[in-house]
Each structure stands twice: as C-alpha cells, then as structure tokens.
Amino acid sequence: MLETQSPTTGAPSGSDGAVVRFDGVTKIYRGGGGVRNLTLNVQPGEVFGFLGPNGAGKTTTIRLLLDLIRPSAGTISVFGGDSRRDSVEIRRRVGYLPGDLALYEQLSARDVLSHFAHLRGGPEWSQIHSLATTLELDLDRPIRSLSRGTRQKVGIVAALMGEPDLLVLDEPTSGLDPLVQRQVHDMLRAAATAGRSVFLSSHVLSEVAQVADRVGLIRDGELVTVERVLDLRQRAAHLIDVRLRQEPSRDAFASLPGVTVCTVSGRDVHLEVTGDLRPVVSAIAASDLEDLSVREPSLEEVFLSFYDNAS
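Residues numbered from 1 in each chain as written. Predicted model: local features only at pLDDT ≥ 70, side-chain atom pairs only at ≥ 80, totals over all residues. Heavy atoms only, no water.

Colleague: Please set out the sheet that holds strand 12 (residues 259–265) residue by residue, giving values where relevant.
Modeller: Ordered by their spatial adjacency, 4 strands build an open sheet running 12-13-11-14, and the pairing between neighbours is antiparallel. The open sheet is flanked by strand 12 and strand 14 (289–295), the only strands paired with a single partner. Neighbour-to-neighbour, the strand axes of the sheet open up by a mean angle of 15 degrees, direction not taken into account. As defined by bridge partners, strand 12 adjoins strand 13 (residues 268–273) across 6 bridges and the pair is classed as antiparallel. Paired with Val264 across the strands is Val269, a residue of strand 13. (Pairing = 2+ DSSP bridges. Helix = DSSP H or I, 4+ residues; strand = E, 2+ residues; numbered from the N terminus. Axes fitted to C-alpha atoms, helices over the stretch in contact; angles between N-to-C directions.)

Colleague: Describe the sheet that holds strand 4 (residues 73–78), naming the residues involved and giving the relevant values.
Modeller: Strands sit in the order 2-1-4-5 across an open sheet of 4 strands; the sheet is antiparallel. A strand with exactly one partner marks an edge of an open sheet, and here the two such strands are strand 2 (34–42) and strand 5 (81–82). Where strand 4 lies against strand 5, 2 bridges are found, and the strand directions are antiparallel. Each residue of the ladder has a partner; that of Val78, found in strand 5, is Gly81. Its contacts with the sheet put helix 1 (residues 58–65) on strand 1 (20–28), strand 2 and strand 4, and the angle it makes with strand 1 is roughly 120 degrees. (Contact = heavy atoms within 4.5 Å.)

Colleague: Residue-level account of the pairing of strand 6 (residues 94–97), with values.
Modeller: Here is the key point about a regular strand: its side chains alternate between the two faces of the sheet. What you see with strand 6 is no split at all: Val94 and Tyr96 on one side and Gly95 and Leu97 on the other are buried throughout. Summarising the sheet, strand 6 and strand 7 (residues 166–170) pair through 4 bridges and their orientation is parallel. Looking at strand 7, one finds that Leu97 is bridged to Leu169. (Buried < 20%, exposed > 50% of the residue type's maximum accessible area, 1.4 Å probe, protein only.)

Colleague: Which residues make up the pairing of strand 3 (residues 47–51), and what values do they have?
Modeller: Of all the 5 residues making up strand 3, 5 are buried; the element is thus mostly covered by neighbouring parts of the structure. A two-sided burial pattern is seen for strand 3, the buried positions comprising Val47, Gly49 and Leu51 on one face and Phe48 and Phe50 on the other. Two strands pair when backbone bridges link them, and strand 3 and strand 8 (residues 197–202) are joined in this way by 5 bridges, in the parallel orientation. Looking at the pairing, Phe48 lines up with Phe199 of strand 8. Examined bridge by bridge, strand 3 and strand 9 (residues 214–219) share 4 bridges and lie parallel to one another. Residue pairing in the sheet places Phe50 in a bridge with Gly216 of strand 9.

Colleague: Go over the pattern of salt bridges, please, and point to the residues and values.
Modeller: Counting across every chain of the model gives 12 salt bridges. Notably, a salt bridge pairs Arg110 with Asp140, separated by 2.8 Å at the nearest N-O pair. With Arg110 in helix 3 (residues 109–119) and Asp140 in the loop between helix 4 (125–134) and helix 5 (148–160), this residue pair connects regions lying 30 residues apart in the sequence. A salt bridge links Glu290 to Arg267, with the nearest nitrogen and oxygen atoms 3.0 Å apart. (Salt bridge = Lys/Arg side-chain N within 4 Å of Asp/Glu carboxyl O.)

Colleague: So what about the packing of aromatic side chains? Which residues, and what values?
Modeller: Counted according to the given criterion, the structure contains 2 aromatic pairs. With 5.8 Å between their ring centres and 10 degrees between their planes, Phe48 and Phe199 make a pair best called stacked. In this pair, Phe48 sits in strand 3 while Phe199 sits in strand 8, placing the two residues 151 residues apart along the sequence. The burial state of Phe48 is the same as that of Phe199; both residues are buried. For the pair Phe50 and Phe199, a centre-to-centre distance of 5.3 Å together with 40 degrees between the ring planes defines the contact as tilted. Here the residue Phe50 occupies a position in strand 3, and Phe199 occupies one in strand 8, the gap between them amounting to 149 residues. An aromatic cluster of three or more residues is present, and its members are Phe48, Phe50 and Phe199. Positioned above the aromatic ring of Phe79, the side-chain terminus of Arg93 is 3.7 Å from the ring centre. (Phe/Tyr/Trp six-rings, centres within 6.5 Å; stacked < 30°, edge-to-face > 60°. Lys NZ or Arg CZ within 6 Å of the ring centre and 35° of its normal.)

Colleague: I'd like to hear about the nonpolar core, residue by residue, with values.
Modeller: One broad rule of soluble globular proteins: the nonpolar side chains tend to lie buried together. One finds Leu113, Val154, Leu169 and Leu188 to be the most contacted residues of the largest nonpolar core, which totals 45 residues. Apart from residues lying up to four places away in sequence, Leu113 is in contact with Trp125, Ile128, Leu137, Leu139, Val154, Val157, Ala158 and Met161. Membership of the second largest hydrophobic core comes to 26 residues, among which are Ala56, Ile69, Phe79 and Phe199. (Core = buried A, V, L, I, M, F, W, Y, C linked by side-chain atoms within 4.5 Å.)

Colleague: Any details on the environment of Asp165? Residues and values, ideally.
Modeller: By the element assignment, Asp165 lies in the loop between helix 5 and strand 7. Separated by 31 residues in sequence, Asp165 and Thr134 place their C-alpha atoms 21 Å apart.

Colleague: Let's hear about the side chain of Gln152: which residues, and what values?
Modeller: In this fold, Gln152 is placed in helix 5. In this structure Gln152 comes out as buried when scored by relative accessible area, which is 8%. Not counting chain neighbours up to four residues away, the residues in contact with Gln152 comprise Leu97, Leu101, Glu171, Pro172, Thr173, Ser174 and Leu176.

Colleague: Account for the confidence of the model for the protein, naming residues and giving values.
Modeller: For the protein, the mean per-residue pLDDT works out to 88, and 90% of the residues sit at or above 70. Note on residues 1–12: pLDDT under 50 across the span, and 47 contacts to partners over four residues away in sequence or across chains. (pLDDT = per-residue confidence, 0-100.)

Colleague: Describe in detail unusual backbone geometry, supporting the description with residues and values.
Modeller: Despite not being glycine, Asn37 shows a phi value in the positive range, around 50 degrees. Structurally, the position occupied by Asn37 is in strand 2. With a phi angle near 60 degrees, Asp67 is a residue other than glycine that sits in the positive phi range. Mapping Asp67 onto the fold places it in the loop between helix 1 and strand 4.

Shown next, in the form of structure tokens:
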C-alpha cells in the first residue's frame with residue numbers, strides 16, 4: 001500500500017546538514033541478500049540517484065530508511081532524527097512511492113487521492129488537481145480499469161502532493177511513456193530547486209542521469225561508489241578510433257600521455273584517453289591518417305567499468 005505523509009516545515013536536518021544519513025548500516029536476510037556496511041547521505045535540495053540491478057539492495061535500503069524494517073547494525077538518521085525513534089514525525093515529512101504500488105481497485109483515482117489527502121490532513125485539492133493535470137491523469141476512472149502506467153501516475157501524484165520535504169521513490173517512471181517520464185523528471189527537479197530532497201531508486205542509469213545531482217551504485221548489497229554526475233561526465237575517457245593508411249607499430253600510441261587503452265588491429269587503432277587530448281591528437285595528426293572519430297562513453301559504460309573493477 002502506498003504510504004505518504006504531509007510535511008512539517010522548519011524542522012532541522014542533521015547537524016551536518018544532511019537530510020538522510022546511513023552510517024555503517026547492515027541488514028542481512030535469513031536467506032541471503034540485504035545490504036552491508038552502507039554509508040551514504042542525501043543533502044537538502046539534492047536529487048540522489050540510487051542505482052543497481054534488481055536484487056542489489058535498493059528496495060531494502062528504502063525500507064530501512066522508512067523504518068519498515070530495522071538494521072542489524074549501523075544507524076540511520078532522517079532530518080536529524082533517529083529513523084526508528086522519530087519515525088512518526090519523519091513520515092509526516094516524506095512522500096513515498098513504493099516499487100510494488102498497490103491501490104484500492106474499486107475506487108476511482110479521485111477517491112484514492114482524496115482518501116490519502118484526508119489521512120494527511122490536506123493538501124488542498126487544487127494542488128492535487130494541478131499535479132493530475134500535468135500528468136494528464138483521468139481522475140474519474142476506477143483503478144481496476146487503469147493501465148500500469150496510469151496507476152503509476154496515481155502513485156506519483158500521491159507521493160508529490162503536499163510538497164513533502166523528502167521524496168523517496170522506487171522506480172517511479174516504471175511503465176510510463178518517454179514524454180511522461182520527462183514530465184516526472186521536470187517535477188523532481190522543480191522539487192529540488194525549491195529546496196526539497198529526492199531519493200530516487202532505479203536500475204536505469206540513463207534515466208537517473210537526466211535528473212540526479214549525485215548517484216550511488218550498489219552491487220550485491222554493497223555500495224560501489226558515490227559520484228556527482230557532473231564529475232563522471234568530466235572524468236570519462238574519450239574514445240578515439242583511428243584508421244591509418246599504413247599499419248602502425250603496436251606501441252605507436254600506447255605510451256602517449258593519458259592513453260589508458262590502446263588496441264591495434266591492422267590499420268585500425270582504438271584508444272581510450274583521459275585528461276588532455278592534445279598530445280594524442282598531435283600524434284594522430286602526424287600519422288598518415290585516413291579516418292578519425294572521437295566520442296565520450298555513455299554513463300552506462302562508465303558505471304559498467306565500476307562493476308567490472310569491483311568484481
């Protein structure tokens with residue numbers, strides 16, 4: 001069942017300013033799986049993307065954050081409060097969209113959202129209607145007649161209504177078409193611009209990269225890395241493919257500054273270069289060049305390299 005709570009403004013975050021903080025959190029299930037020694041934070045006004053394949057520990061992390069399950073080790077704070085002791089107050093300030101969204105089948109979307117709004121002591125219906133209009137959500141059809149994507153819209157409206165201080169979203173754009181996905185991304189960025197925080201779990205890097213400020217990658221229950229999206233883009237190696245008119249020697253380019261990968265196949269040379277490209281470009285220009293292409297790797301390729309390095 002969807003859980004959303006109304007915000008309480010003015011309450012402090014943690015002493016270091018973090019809205020969410022995991023410190024050495026471990027939760028291992030009896031049959032295996034879970035998370036191990038998880039340490040991360042989410043800052044005010046930040047969209048934090050939490051990435052990993054299915055079964056990596058993303059949903060476990062969310063359930064720990066919301067005090068739906070308890071850690072066996074470590075501590076979790078939200079808005080500076082203990083996630084367990086202060087859970088009722090914390091949930092008043094959180095909008096939550098679970099990955100396994102369940103709604104009252106016999107009710108209309110209007111009835112479902114009105115019910116949640118009543119439980120939360122608000123918000124105004126005009127705000128709910130505005131969100132529904134943005135997502136082109138028909139409020140008067142019964143839930144049982146709605147497609148998966150339309151049901152997801154109901155869940156998104158329920159999570160965002162009331163402008164909660166923290167949005168916790170598990171695969172929020174699952175089942176949505178690309179245009180609606182873009183609208184949801186815009187709504188999340190608007191929330192962050194207004195100073196609210198977003199914890200966004202997904203297994204689709206390209207989607208998260210469009211909206212997140214930082215991304216954390218989890219693999220088999222362990223955090224592999226936390227990086228700013230901007231840093232990843234700037235640090236990514238350039239991929240250079242060269243075709244020469246004559247076959248080069250095997251070490252013609254391998255020793256150049258910044259070259260991390262050099263493969264030669266006949267007259268074709270593939271290079272991966274970090275940092276300043278000018279020494280490599282100068283060496284290529286001095287060769288008997290026939291063709292050249294340069295591109296940056298996708299963020300998917302960058303994160304796959306983190307997975308490979310952690311194996």
